[in-house]
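Next come the chains, spelled out residue by residue.
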Amino acid sequence: MTQTSTPNPPKNLSKKEAAIQSLQPEDKFYNELKPQLDELYREPSDETIAKILDYAKKR
């Protein structure tokens, strides 16, 4: 007979840490990298967008 059950997270980990630990390796890698990626995100100003569009029209 096969016994099935849901694995319990280790008691010394918070719920968030236990959830992250149970993710697939790709998801775990992304979650560790996400804060650094968020720092790289920039919202261009309207002036910058206009300059890019003007340059594209000239080409």
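Residues numbered from 1 in each chain as written. Predicted model: local features only at pLDDT ≥ 70, side-chain atom pairs only at ≥ 80, totals over all residues. Heavy atoms only, no water.

### Quick notes on the overall build of the protein chain
Here comes step 1: Tallying secondary structure elements over the protein chain gives three helices and zero strands in all.
Here comes step 2: Taken from N to C terminus, the helices and strands of the protein chain fall in the order α-α-α.
Here comes step 3: When the 59 residues of the protein chain are sorted by exposure, 2% land in the buried category.
Here comes step 4: Here the protein chain has roughly 6,300 Å² of accessible surface; of this, 55% comes from carbon and sulfur atoms. (Helix = DSSP H or I, 4+ residues; strand = E, 2+ residues; numbered from the N terminus. Buried < 20%, exposed > 50% of the residue type's maximum accessible area, 1.4 Å probe, protein only. Areas by Shrake-Rupley, 256 points an atom, 1.4 Å probe, with all protein chains shown as cover.)

### A few points about helix α2 (residues 25–40)
Here comes step 1: When the terminal C-alpha atoms of α2 are compared, their 23 Å separation across 16 residues agrees well with the 22 Å that a helix rising 1.5 Å per residue should span.
Here comes step 2: Along α2, the helix axis deviates most sharply at K34, where the bend reaches about 45 degrees; the proline P35 sits within four residues downstream. (Expected span 1.5 Å × (residues − 1). Bend = angle between axes of the 7 residues up to and from the residue.)

### Some thoughts on the pattern of salt bridges
Here comes step 1: In total, this model carries two salt bridges according to the counting rule given.
Here comes step 2: Residues K34 and D38 are paired through a salt bridge, measuring 3.1 Å at the closest nitrogen-oxygen approach. Of this pair, K34 and D38 both sit in helix α2, four residues apart, which is roughly one turn of the helix.
Here comes step 3: Residue D38 is classed as partly exposed on the basis of its relative accessible area of 46%.
Here comes step 4: Between E47 and K51 there is a salt bridge; the shortest N-O distance is 3.3 Å. Separated by four residues within a single helix, E47 and K51 lie in helix α3 (residues 46–58), roughly one turn from each other. The two residues E47 and K51 agree in class, both being exposed. (Salt bridge = Lys/Arg side-chain N within 4 Å of Asp/Glu carboxyl O.)

### Let's talk about the confidence of the model for the protein chain
One rule of thumb: low pLDDT means the predicted coordinates there are not for detailed reading.
Here comes step 1: The predicted model of the protein chain averages 79 in pLDDT, with 68% of residues at 70 or higher.
Here comes step 2: Ranking the elements of the protein chain by mean pLDDT puts helix α1 (residues 15–21) last, at 67, and α3 first, at 94. (pLDDT = per-residue confidence, 0-100.)

### Quick word on α3
Here comes step 1: Between its first and last C-alpha, α3 extends 19 Å over 13 residues, near the 18 Å set by a 1.5 Å rise per residue.
Here comes step 2: Taken across its 13 residues, α3 has zero buried, putting it largely on the surface.

### Digging into a nonpolar patch on the surface
Here comes step 1: Judged by side-chain polarity, F29, Y30, L33, L37 and L40 come together as a nonpolar surface patch covering roughly 510 Å² of accessible area.
Here comes step 2: Since its relative accessible area comes to 64%, L40 is described here as exposed. (Patch = residues over 30% accessible without salt bridge, like charges linked within 9 Å, V, L, I, M, F, W, Y side chains within 5 Å.)

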